[in-house]
Amino acid sequence: FIMNASEDQENPYIIILDEMNLSHVERYFSDFLSAIESGEPVPLHNSECDFPESVEIPRNLLVVGTVNVDETTYMFSPKVLDRANTIEFETTAPQEYLRGWEHENPEGDLKFLEDPLNHHEPQIEKIRSDLEGVWKNLVSELQFFHNALQEPGFEFGFRVTEEVLRFMHAAWIYKGRPKPWRGWERYMDAQIKQKILPKIHGPERLLKGTLEDLRDHCSGKYPASERKLNEMIETLKIQRYVSFIR
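What comes next concerns the included structure. (Residues numbered from 1 in each chain as written. Predicted model: local features only at pLDDT ≥ 70, side-chain atom pairs only at ≥ 80, totals over all residues. Heavy atoms only, no water.)

Contact geometry of helix 8 (residues 135-150) with helix 9 (residues 158-174) gives a least axis separation of 11 Å together with a crossing angle of 145°. You can see that helix 8 and helix 9 cross each other, and the crossing is right-handed. On helix 9, the residues touching W135, L138 and L142 of helix 8 are T161, V164, L165 and M168. Looking at the contact of helix 8 with helix 9 residue by residue, the class counts come to six nonpolar, one polar and no charged. (Axes fitted to C-alpha atoms, helices over the stretch in contact; angles between N-to-C directions. Helix = DSSP H or I, 4+ residues; strand = E, 2+ residues; numbered from the N terminus. Left-handed = near helix turned anticlockwise from the far one by under 90°. Contact = heavy atoms within 4.5 Å. Nonpolar A, V, L, I, M, F, W, Y, C, P; charged D, E, K, R; others polar.)

Take the packing of aromatic side chains next. Throughout the structure, instances matching the rule amount to five aromatic pairs. Their ring planes at 10° and their centres at 4.6 Å tell us that F29 and F32 sit as a pair that is stacked. The same class applies to F29 as to F32, namely buried. Ring pairs connect the aromatic residues Y28, F29 and F32, which therefore count as one cluster. One cation-aromatic arrangement involves R159 over F158; the distance from NZ or CZ to the ring centre is 5.6 Å. The ring of F244 carries the charged tip of K228 above its face, separated from the ring centre by 4.4 Å. (Phe/Tyr/Trp six-rings, centres within 6.5 Å; stacked < 30°, edge-to-face > 60°. Buried < 20%, exposed > 50% of the residue type's maximum accessible area, 1.4 Å probe, protein only. Lys NZ or Arg CZ within 6 Å of the ring centre and 35° of its normal.)

Before going further, it helps to examine the pattern of salt bridges. What the rule picks out here adds up to 18 salt bridges. Note that E141 is salt-bridged to K221, the shortest N-O span being 3.0 Å. Of the two residues, E141 sits in helix 8 while K221 sits in the loop between helix 11 (204-218) and helix 12 (223-239), which places them 80 residues apart along the sequence. Between E162 and R166 there is a salt bridge; the shortest N-O distance is 3.5 Å. (Salt bridge = Lys/Arg side-chain N within 4 Å of Asp/Glu carboxyl O.)

Moving on: the side chain of D130. Examined against the element boundaries, D130 turns out to sit in helix 7 (residues 124-130). When sequence neighbours within four positions are dropped, the list of residues in contact with D130 reads H169, W172 and K179.

By the criterion of burial, helix 10 (residues 185-196) is predominantly enclosed, with nine of the twelve residues buried. Taken as a whole, helix 10 has its buried residues at Y187, M188, D189, Q191, I192, K193, Q194, K195 and I196. Contacts made by the buried residues of helix 10 are with helix 4 (78-81), helix 8, helix 9 and helix 12.

Scope: geometric values only; no functional claims are made or implied.
Right, here's the structure in full:
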């Protein structure tokens, strides 16, 4: 499948791994994760045969995984979380499910949104130039979360910083490249919940003050992240331990 994608780079190829955390992801997926970061080929074998000894990961290959959370599954390590967006789907109540779905029509650039090959990786200087109106706000927010998570040991590195900024740049294009960009907080809220909060886990003595500080910062500005942090704070009070998924 990967080789077919390499030979047809004008089209997206999507691999879906169902229930990918029934085993430790970083064990069976380690070569792939390393190749994503390094750009080096994934080694396959070193014997004489017709099949290639290695395979490169093309840019048109996308990997999506579904995750269930129960006693039979494993949580992702920071190595995995740093390279992915964690999207949480809340349980649908019976009345809502039986009533059917009410579809919202997206309001932005659908051509850009629906074609994953549009989502290139611009350089940071390009992002800084395009988002000059909100750049200082984005840097300030990232610095706040980095500082807040430093004491309990969950500060993030350059990879998360760059991916958050690229997501914000993609959101700006989807919204029609507005200047000034009002409403950017909605998309920053998504990145806080998808890229930053999933790494947090630990006992009450380590996290109580940190979670409350994060919640207070998000209050009124980042509603999805605020709700998630309130859930985590309540779990911490009851169980004396909390993670993003439990």
